[in-house]
Amino acid sequence: MHHPVPRIPAQPAPHRMEIEARLTVELASVVAGARRRALRDGDRQVDTAHLLHSLIESDPAVGAAFEGAAQLARVLGYLVQRSIGYGLRWRASAESGPGPVIGSGSWSPVAAAAMERALERAALRGEQRASGLDVLAVLAADPDCRAVEVLLRAGVDPGALTGRIAELSQQV
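In terms of regular secondary structure, the chain is built from nine helices and zero strands. Approximately 9,300 Å² of the chain is accessible, and the part contributed by carbon and sulfur atoms is 57%.

This paragraph deals with the nonpolar core. Counting residues in hydrophobic clusters, the biggest one holds 47 residues, and the most contacted among them are L52, F66, V75, M115, L136 and L161. Listing elements by their share of this core, those giving two or more residues are α2 (25-41), α3 (48-58), α5 (68-91), α6 (109-124), α7 (132-140), α8 (146-153) and α9 (158-171). The element contributing the most residues to this core is α6, with eight residues. Apart from the residues lying within four places of it in its own chain, the contact partners of F66 are I56, Q71, L72, V75, L136, L151, V156, L161 and R164.

A residue-level look at the chain finds 77% of positions with pLDDT of 70 or above and a mean pLDDT of 81. Put simply, helix α1 (residues 16-20) is where the chain has its lowest mean pLDDT, 70, and α7 is where it has its highest, 96. Note on residues 1-14: pLDDT is under 50 here. Beyond four places in sequence and across chains, it has five contacts. Scored below 50 in pLDDT, residues 98-105 shows 19 contacts in the model against residues more than four places distant or in partner chains.

Relative to the 24 Å expected for 17 residues at 1.5 Å per residue, α2 spans 24 Å between its end C-alpha atoms, a close match to the ideal helical length. Where α2 is concerned, the buried positions are L27, V30, V31, G33, A34, R37, A38 and D41. For α2, the arc enclosing every buried residue in end-on projection is 160°, short of the 170-degree limit, so these residues lie on one face. The outward face of α2, more than 90 degrees from its buried face, is lined by the exposed residues V25, R36, L39 and R40. Immediately downstream of α2, the backbone of G42 shows phi near 80°, a positive value.

Two numbers describe how α6 lies on α7: the axes approach to 8 Å, and their chain directions differ by 120°. Between α6 and α7, the angle falls in the class oblique. At the point where α6 passes α7, the crossing takes the right-handed sense. Here A114, M115, R117, A118, R121 and A122 of α6 come into contact with α7, specifically with L133, D134, V135, A137, V138 and L139.

Let us look at α3. Counting buried positions over the 11 residues of α3 gives nine, a clear majority of the element. Within α3 the residues assigned to the buried category are T48, A49, H50, L51, L52, H53, S54, L55 and I56. At the N-terminal boundary of α3, the capping side chain belongs to D47, with an oxygen 2.9 Å from the backbone nitrogen of A49.

Turning our eyes to something else, we now look at the side chain of T48. On the secondary structure map, T48 appears in helix α3. What makes T48 buried here is its relative accessible area of 0%. Only 3.0 Å separates the side chain of T48 from the backbone nitrogen of A147, close enough to count as a polar contact.

Glancing now at the environment of S106. Counting through the fold element by element, S106 comes out in the loop between α5 and α6. Remark: the alpha-carbon pair of S106 and L39, spanning 67 residues in sequence, is separated by 9.7 Å.

Rules and cut-offs
Residues numbered from 1 in each chain as written. Predicted model: local features only at pLDDT ≥ 70, side-chain atom pairs only at ≥ 80, totals over all residues. Heavy atoms only, no water. Helix = DSSP H or I, 4+ residues; strand = E, 2+ residues; numbered from the N terminus. Areas by Shrake-Rupley, 256 points an atom, 1.4 Å probe, with all protein chains shown as cover. Core = buried A, V, L, I, M, F, W, Y, C linked by side-chain atoms within 4.5 Å. Buried < 20%, exposed > 50% of the residue type's maximum accessible area, 1.4 Å probe, protein only. Contact = heavy atoms within 4.5 Å. pLDDT = per-residue confidence, 0-100. Expected span 1.5 Å × (residues − 1). Arc of directions from axis to C-beta. Axes fitted to C-alpha atoms, helices over the stretch in contact; angles between N-to-C directions. Parallel < 35°, antiparallel > 145°, perpendicular 65-115°, else oblique. Left-handed = near helix turned anticlockwise from the far one by under 90°. Polar contact = N/O pair within 3.5 Å; in protein donor to acceptor, adjacent residues only side chain to side chain.

What follows is the structure in C-alpha cells.
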C-alpha cells in the first residue's frame, strides 16, 4: 500500500529583492560581487565565504577590522586558494543550515540568514540599511559558517575580530 508523504507547507522566505533593497549601495555591490564569484567558481549557491571574500575586496571598513595588512593578506590568500582549489571540496555540498534558500537557490541558507541578521543588527542601531561591518559581524559570530572556517584557517580569531568590529562600529 502506498502512503503519501505528508506535505509540509512551505514557509514564506524573504524575497531576495526585499533584502537587497535594505542594503547600502556599497553592500549591494558586495552582494553582486559574491554572486559573480560563486558563478565563476562554479558553485550552486552564494555562501558565507563568497560574502567574506567580496566584503574584504570591496569594503575598506571591513579591511580595517582585521589586525593589519598581514592578517588581511592571509585571509585573502586562503580565499583565493579556496576559489581555485579548496572550493572543489565544498562544491559537492551546499552550505547548509536552518531556514530557506532565498531567490531560486542562489544563496545558501546560512548566507541568507546572515544577511537577515545583518539587517537586524543595523535596525538595532536605528539604521534602515545594513553595512559591510554588519555582515562581517554576523559572519564572525557564526561558528558553523564557512566564513568562520576560512578565518580560522587563516589564523584569525573570530572573537577578537568581533571585538574590533564593535570598536569600529562605535567610532562611526
